[in-house]
Amino acid sequence: MILIKNYMRLHGKYLKLRALEPSDIEELSKWENDTETWKISNTLAPFSRFVLEEYIANAHQDIYATKQLRLVIELLPSPPSNEKGGRAIGCIDLFDFDPNHQRAGIGILIGEKGDRRHGYATEALKILMEYCFSTLNLHQLYCNITTDNEPSVLLFQQQGFQVAGIKRQWIRDGNKFKDELILQKIK
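Figured I'd write up the structure that's included with this text.

Cut-offs used in this document
- Residues numbered from 1 in each chain as written.
- Predicted model: local features only at pLDDT ≥ 70, side-chain atom pairs only at ≥ 80, totals over all residues.
- Heavy atoms only, no water.
- Disulfide = S-S within 2.5 Å.
- Pairing = 2+ DSSP bridges.
- Helix = DSSP H or I, 4+ residues; strand = E, 2+ residues; numbered from the N terminus.
- Axes fitted to C-alpha atoms, helices over the stretch in contact; angles between N-to-C directions.
- Contact = heavy atoms within 4.5 Å.

### Focus: the state of the cysteines
A complete count under the given rule lists zero disulfides for this structure. C91 takes part in no disulfide bond, and the closest cysteine sulfur, belonging to C132, lies 15 Å away. Cysteine C143 is unpaired, with the sulfur of C132 as its nearest cysteine sulfur at 12 Å.

### Points about the sheet that holds strand β9 (residues 176–186)
Ordered by their spatial adjacency, seven strands build an open sheet running β3-β4-β5-β6-β7-β9-β8, and the pairing between neighbours is mixed. If you trace the sheet from one side to the other, it starts and ends with β3 (15–19) and β8 (162–173), each paired once. In this sheet, adjacent strand axes meet at a mean angle of 30° when their direction is disregarded. With seven bridges joining them, strand β5 (residues 88–98) and strand β6 (residues 103–110) adopt antiparallel strand pairing. Bridge assignment links I92 to a residue of β6, and that residue is I108. With respect to the sheet, helix α6 (residues 150–158) is in contact with β6, β7 (140–146), β8 and β9, its orientation differing from that of β7 by roughly 160°.

Here's what the structure looks like:
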């Protein structure tokens, strides 16, 4: 990452992380109302367009006030493949931001299955980790992942996160319960 005047550029080779824009409403609505992701986001009911528009309108608020930050993962133009840039493919979140204890949780979503397993989540996570440790001066990051979500566990472990514990039968999925891992990365 290149630091310019103590500000970090939130982009890598293939993508950038950016703030939510009003034009993200369609994608955000699709991602938030996808029932397949509800079990990992603890969502029980759909979000109305109005609620999501209000969320976007207030997304500019300071992370120190709201204790959370959502960034859109957007592809950059890619000359070799002629991939058109500017396409939002997911989002990456900081939550439970605690400046006193210098920690935050991370959640990541690559919205379309066809965009998964191309290294985008890895690149987005690397960019966000650098931002968290350099700009926000965090001491640690953590995430919560069900034990059966092996690709996500591997993603975070490859970036230096370690399993710190397991919450037994923590997430209800239909008529059964799943265990959830807590992974941490300490600076």
